[in-house]
Amino acid sequence: MTVATTRSAASGHPEPAGVDNRVVVGGAALTWRSLPLPTLPDPVAVLAHSAVHALTAARQHAVHGTELLLSTASRVDAAMRTELLEAGFTVGVLDDDGLRLHAPARPRAADPGRLWLLTSGSTGRPKRVGHTLDTLTTVRAEQPDRTWLCPYAPGTYAWWQVVTLSLTQPGQHLVVVEPDELDDWPTVAAAHGVDAASGTPTFWRRTLYRDAAALARVPLRQITLGGEPVDQAILDQLREVFPTARISWIYASSEVGASIVVHDGRAGFPVDWLDRETPGRPTLSVRDDELVVTSPYHGAGLAGPIRTGDRVQVLDDRVLITGRLDSDEINVGGSKVSAGVVRGVLTGHPAVAWARVTGRRAPVLGRMVVAEVVLTPAGPGDTNVPDEGALVRWCADQLPEHAVPRRIRVLTEIPVKETLKSDV
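This is a predicted model, so every value here is computed, not measured.

Undergrad: So what's going on with the pairing of strand S14 (residues 222-226)? Residues and values would help.
TA: Among the five residues that make up S14, five are buried, leaving the element largely enclosed by the rest of the structure. Neither face of S14 is open: one carries Gln 222, Thr 224 and Gly 226, the other Ile 223 and Leu 225, and all of them are buried. Relative to S14, strand S13 (residues 196-199) runs parallel, the two sharing four bridges. For Ala 197, the partnering residue across the bridge sits in S14 and is Ile 223. Chirality of the crossover, the property in question, places the unit of S13, helix H6 (residues 201-216) and S14 among those that are right-handed. Pairing of S14 with strand S15 (residues 246-253) involves five bridges; the strand directions are parallel. Among the inter-strand pairings, Gln 222 is bridged to a residue of S15, identified as Arg 246. Read from S14 through helix H7 (residues 232-241) to S15, the crossover connection turns out right-handed.

This is how it looks when you write it as structure tokens:
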């Protein structure tokens with residue numbers, strides 16, 4: 001696919017097809033066309049101070065093809081800045097005072113049209129993955145008019161997915177929320193007519209936990225989940241609040257792009273999708289309980305089957321993604337326990353809003369299963385609040401003895417990182 005453009009008569013530069021879509025950021029209603037075009041060196045790593053600065057850099061790339069790595073300053077530590085400089089990037093902080101630049105010792109020629117993403121760092125330090133606006137634009141069919149909420153950190157894969165949709169397709173408007181607006185995003189979304197929103201399961205759980213009534217007032221017709229394992233409980237909770245909305249979960253990563261899209265309201269994907277080869281579509285496989293993807297949307301330099309590092313479980317007619325291989329499996333006295341399966345049982349309890357399951361050192365067994373949970377807010381006069389013993393019994397009724405959590409700690413707030421994930 002080649003991203004459609006229009007041409008600005010004043011500048012002679014090509015403009016993306018969504019240039020007149022509405023963009024609400026920082027409380028101001030703008031359009032892509034009205035965003036300024038900053039003058040950027042090439043290649044450049046832009047550390048954006050706020051959402052509006054990130055959007056201006058994205059539009060500048062769409063118009064000029066500047067080789068760009070875009071991130072927030074908090075995701076790029078001193079060691080990463082050194083790596084970027086050594087790789088020939090000019091590193092610039094973009095804020096209300098302009099662009100403050102740090103030039104590399106050995107400049108290099110730019111790679112026109114190249115976009116760089118930093119991975120989430122779930123397998124260690126973040127690394128750079130190369131894309132183009134074309135490989136990031138995976139929504140290709142004509143879409144009904146939508147006003148999308150974008151809650152993601154600038155420069156992440158999920159952020160680019162929403163941004164490229166608005167940049168490249170007319171009728172796809174954008175409402176961007178800053179980190180300090182996340183607690184009240186339903187109010188912002190309702191005020192600006194948001195009818196489509198994308199977020200991680202943690203993002204949706206946290207919103208339901210904090211103010212389900214405010215969420216219900218947002219006229220959502222499209223709900224998208226991704227970035228973390230998606231269990232049946234959160235799908236069912238969203239369906240209860242939005243009975244007529246289309247609810248989709250997407251498996252995507254910087255390395256393989258958007259590879260799985262499911263709309264049927266069930267966790268996982270159909271088992272008959274495995275090893276199905278369709279021209280122009282990703283091929284999904286399982287090797288040693290690991291998801292393997294061969295994708296046309298892969299990052300630069302990646303080709304063929306790519307091991308994702310995500311563990312899967314085939315259960316009846318579904319393939320469930322339970323978590324990362326390096327953290328999902330807990331060895332309890334020689335018996336393997338999936339943290340994701342235990343988490344799914346806990347979040348299936350009607351009083352549990354969120355859960356995290358890990359292993360802890362234990363005598364004799366080596367490891368034991370422990371958990372942290374956040375309970376749904378109790379209503380007035382509600383005395384049916386489960387204690388640790390009740391939750392352990394709930395798990396014991398559904399799990400083998402070695403998989404039952406030995407300790408369950410109750411937290412008062414759902415933890416969330418800048419990436420909208422919570423290390424589940």
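Let us keep going from here.
Undergrad: Residues and numbers for unusual backbone geometry, please.
TA: Cis geometry is found at the peptide bond from Asp 42 to Pro 43, where omega equals 5°. Residue placement: Pro 43 occurs in the loop between strand S4 (28-31) and strand S5 (44-48). A positive phi angle, near 60°, is found at Asp 275, a position not held by glycine. Mapped onto the secondary structure, Asp 275 falls in the loop between strand S17 (269-270) and strand S18 (283-287). A residue is classified by how much of its surface remains accessible, and Asp 275, at 55% relative accessible area, is exposed. Its identity as a non-glycine residue notwithstanding, Leu 420 has a phi of 70°, on the positive side.

Undergrad: Hey, could you go over the side chain of Asp 310 for me, with residue numbers and the actual values?
TA: Secondary-structure assignment places Asp 310 in strand S20 (residues 306-315). Sequence-distant contacts of Asp 310, defined by excluding residues within four places in its chain, comprise Tyr 251, Asp 289, Glu 290, Leu 291, Ile 321, Gly 323, Arg 324 and Leu 325.

Undergrad: So what's going on with helix H1 (residues 51-64)? Residues and values would help.
TA: In this model H1 runs 20 Å from its N-terminal to its C-terminal C-alpha over 14 residues, within 8% of the 20 Å that 1.5 Å per residue would give. Of all the positions in H1, only Ala 51, His 53, Ala 54, Leu 55, Thr 56, Ala 57, Ala 58, Arg 59, Gln 60, His 61, Ala 62 and Val 63 are classed as buried. A positive backbone phi angle near 70° is found at Gly 65, which sits one or two residues after H1.

Undergrad: How would you sum up the side chain of Glu 372? Please name residues and give values.
TA: Mapping Glu 372 onto the fold places it in strand S25 (residues 366-375). On the basis of relative accessibility, which here comes to 17%, the residue Glu 372 falls in the buried class. Among the polar contacts made by the side chain of Glu 372, one reaches the side chain of Arg 356 at a distance of 2.8 Å.

Undergrad: Any details on the pattern of salt bridges? Residues and values, ideally.
TA: Across all of its chains, the model carries 21 salt bridges by this definition. When the shortest N-O distance is used, the salt bridge between Glu 255 and Lys 127 registers 3.2 Å. In this pair, Glu 255 is assigned in the loop between S15 and strand S16 (257-262) and Lys 127 in the loop between strand S9 (114-118) and strand S10 (128-132), connecting sequence segments 128 residues apart. Residue Lys 127 is classed as partly exposed on the basis of its relative accessible area, which comes to 40%. Among the ionic pairs, Arg 221 bridges to Asp 195, the shortest N-O distance being 2.4 Å. Here Asp 195 lies in the loop between helix H5 (185-191) and S13 and Arg 221 lies in the loop between H6 and S14, a separation of 26 residues in the sequence. Owing to a relative accessible area of 43%, Arg 221 belongs among the partly exposed residues under this scheme. Connected via shared salt-bridge partners are Asp 183, Arg 206, Arg 210 and Glu 413.

Undergrad: Which residues make up the packing of H1 against helix H4 (residues 157-168), and what are the values?
TA: Helix-helix packing is characterised by the crossing angle of the two axes and by the distance between the axes. Where H1 meets H4, the closest approach of the two axes is 12 Å, and the angle between their N-to-C directions is 60°. Judged by the angle between their axes, H1 and H4 are oblique. Handedness of the H1/H4 crossing: right-handed. Across the interface between the two elements, Ala 54, Leu 55, Ala 58 and Ala 62 of H1 pack against Trp 159, Trp 160, Val 163 and Leu 167 of H4. Here the residues of the contact of H1 with H4 sort into eight nonpolar, no polar and no charged.

Undergrad: So, the packing of H6 against H7: which residues are in play, and what are the values?
TA: At a minimum axis distance of 11 Å, the contact between H6 and H7 shows a crossing angle of 10°. By the angle between their axes, H6 is roughly parallel relative to H7. Here Trp 204, Arg 205, Leu 208 and Ala 216 of H6 lie close against H7, whose contacting residues are Ile 234, Gln 237, Leu 238 and Val 241. Grouping the constituent residues of the contact of H6 with H7 by class yields six nonpolar, one polar and one charged.

Conventions and cut-offs
- Residues numbered from 1 in each chain as written.
- Predicted model: local features only at pLDDT ≥ 70, side-chain atom pairs only at ≥ 80, totals over all residues.
- Heavy atoms only, no water.
- Buried < 20%, exposed > 50% of the residue type's maximum accessible area, 1.4 Å probe, protein only.
- Helix = DSSP H or I, 4+ residues; strand = E, 2+ residues; numbered from the N terminus.
- Pairing = 2+ DSSP bridges.
- Right-handed = clockwise from strand over helix to strand, strands pointing away.
- Contact = heavy atoms within 4.5 Å.
- Expected span 1.5 Å × (residues − 1).
- Polar contact = N/O pair within 3.5 Å; in protein donor to acceptor, adjacent residues only side chain to side chain.
- Salt bridge = Lys/Arg side-chain N within 4 Å of Asp/Glu carboxyl O.
- Axes fitted to C-alpha atoms, helices over the stretch in contact; angles between N-to-C directions.
- Parallel < 35°, antiparallel > 145°, perpendicular 65-115°, else oblique.
- Left-handed = near helix turned anticlockwise from the far one by under 90°.
- Nonpolar A, V, L, I, M, F, W, Y, C, P; charged D, E, K, R; others polar.

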